[in-house]
Amino acid sequence: MTAPAAERNLHVIVQAMLAHAPQMGRALELASGTGQHVLALANALPGLTWQPSEVDPVRRTSIDAWARDQDNIAPAIPLDATAPGWGALHSGQDLILLVNLLHLISEAEARILIAEAATALAPKGMFAIYGPFLRDGHTTSEGDATFHASLRATDPAIGYKDVGAVRCWLAEAGLIALPPIFMPTNNLMLIARR
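Predicted, not measured: the structure shown is a model, and the values here were computed from it.

Of the regular secondary structure elements, the protein holds 7 helices and 8 strands. Against the 2.2 N^0.38 benchmark of 16 Å for 194 residues, the protein shows a C-alpha radius of gyration of 16 Å, consistent with a compact globule. Judged by the C-alpha coordinates and their principal axes, the protein covers about 45 × 35 × 30 Å. Across the protein, contacts joining residues at least 24 apart in sequence account for 73% of those joining residues at least 6 apart. About 8800 Å² of surface is accessible on the protein, with carbon and sulfur atoms providing 58% of the total. Charged side chains in the protein number 13 positive and 18 negative. The centres of these two groups are separated by 5 Å.

Listed below in structure tokens is the structure:
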């Protein structure tokens, strides 16, 4: 499987990870989607052993197909990042990466995900979140406003989260949030450390 959005943001995510991620250790990608990101990241950061995860079995098959010849990518595992309890089962992660999911889940689910990620991190581990965010309660472009409204029309509980609120949730989980990194097409990369 391929996703055009994954192709579009792949380069900038890899560049951000090259600049900020640990060079060695264990990395967990939450909601790995098609598998395009984890393959590019595993090639760029070969000192990390990557564990992709995905709730959808069809996507897990795609992830494993992308990673077939890559020594530092483990087979994709079924993991619902919005469910309580997974953090303790996957502890010791030096890096956890989440791409383009927060706006597709509710605030309650986002807070569970962040708390569980904090539990799963090793000491000094890093949690990176990429995607679109509200800034002081507002979208930053007409396209973002339209997309956010369409998400809310489908399910009023989902939609863009405010970057300030997410930084508070990270702090409540015991993580130290670094200043947001501004990315193309009005996206942000939020990085927090244990």
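Attention now goes to the pairing of strand 1 (residues 25-30). As defined by bridge partners, strand 1 adjoins strand 2 (residues 48-52) across 5 bridges and the pair is classed as parallel. Among the inter-strand pairings, Leu28 is bridged to a residue of strand 2, identified as Gln51.

Take the pairing of strand 3 (residues 93-99) next. Most of strand 3 sits inside the fold, with 6 of its 7 residues counted as buried. Two elements, strand 1 and strand 3, share 4 bridges in a ladder whose sense is parallel. Across the sheet, Leu28 pairs through a bridge with Ile96, a residue of strand 3. One ladder, built from 6 bridges, connects strand 3 with strand 4 (residues 121-134); its direction is parallel. From the neighbouring strand, Gln93 faces strand 4, where its bridge partner is Leu121. What joins strand 3 to strand 4 is helix 5 (residues 107-120), and the crossover it makes is right-handed.

In this section: the environment of Gln93. With respect to the helices and strands, the residue Gln93 is situated in strand 3. In the structure, Gln93 is positioned 31 residues away from Lys124 in sequence and 9.6 Å away in space, judged by C-alpha atoms. In this view, Gln93 contacts Arg26, Ala27, Leu28, Ala120, Leu121, Ala122 and Gly125; residues no more than four positions away in its chain are not counted. A polar atom in the side chain of Gln93 sits 3.2 Å from the backbone oxygen of His90.

A word on the environment of Leu134. Structurally, the position occupied by Leu134 is in strand 4. Note on Leu134: relative accessible area 11%, which makes it buried.

What follows concerns helix 5. In a regular helix each residue adds 1.5 Å, so 14 residues correspond to 20 Å; helix 5 covers 20 Å between its end C-alpha atoms and thus fits that length. Turning to helix 5, its buried residues are Ala110, Leu113, Ile114, Glu116, Ala117, Ala118 and Ala120. In this structure, the buried side of helix 5 is in contact with strand 1, helix 4 (86-89), strand 3, strand 4, strand 5 (161-162) and helix 7 (163-172).

What follows covers the packing of helix 5 against helix 7. Direction vectors running N to C along helix 5 and helix 7 enclose 40°, while the axes themselves pass 9 Å from each other. It follows from the interaxial angle that helix 5 and helix 7 lie oblique. Between helix 5 and helix 7 the crossing geometry is right-handed. Here Glu107, Ala110, Arg111 and Ile114 of helix 5 lie close against helix 7, whose contacting residues are Val166, Trp169, Leu170 and Glu172. Classifying every residue of the contact of helix 5 with helix 7 by side-chain character gives 5 nonpolar, no polar and 3 charged.

Conventions adopted
- Residues numbered from 1 in each chain as written.
- Predicted model: local features only at pLDDT ≥ 70, side-chain atom pairs only at ≥ 80, totals over all residues.
- Heavy atoms only, no water.
- Helix = DSSP H or I, 4+ residues; strand = E, 2+ residues; numbered from the N terminus.
- Rg over C-alpha atoms; globule rule 2.2 N^0.38 Å.
- Contact = heavy atoms within 4.5 Å.
- Areas by Shrake-Rupley, 256 points an atom, 1.4 Å probe, with all protein chains shown as cover.
- Lys, Arg positive; Asp, Glu negative; His and termini not counted.
- Charge placed at Lys NZ, Arg CZ, Asp CG, Glu CD.
- Pairing = 2+ DSSP bridges.
- Buried < 20%, exposed > 50% of the residue type's maximum accessible area, 1.4 Å probe, protein only.
- Right-handed = clockwise from strand over helix to strand, strands pointing away.
- Polar contact = N/O pair within 3.5 Å; in protein donor to acceptor, adjacent residues only side chain to side chain.
- Expected span 1.5 Å × (residues − 1).
- Axes fitted to C-alpha atoms, helices over the stretch in contact; angles between N-to-C directions.
- Parallel < 35°, antiparallel > 145°, perpendicular 65-115°, else oblique.
- Left-handed = near helix turned anticlockwise from the far one by under 90°.
- Nonpolar A, V, L, I, M, F, W, Y, C, P; charged D, E, K, R; others polar.

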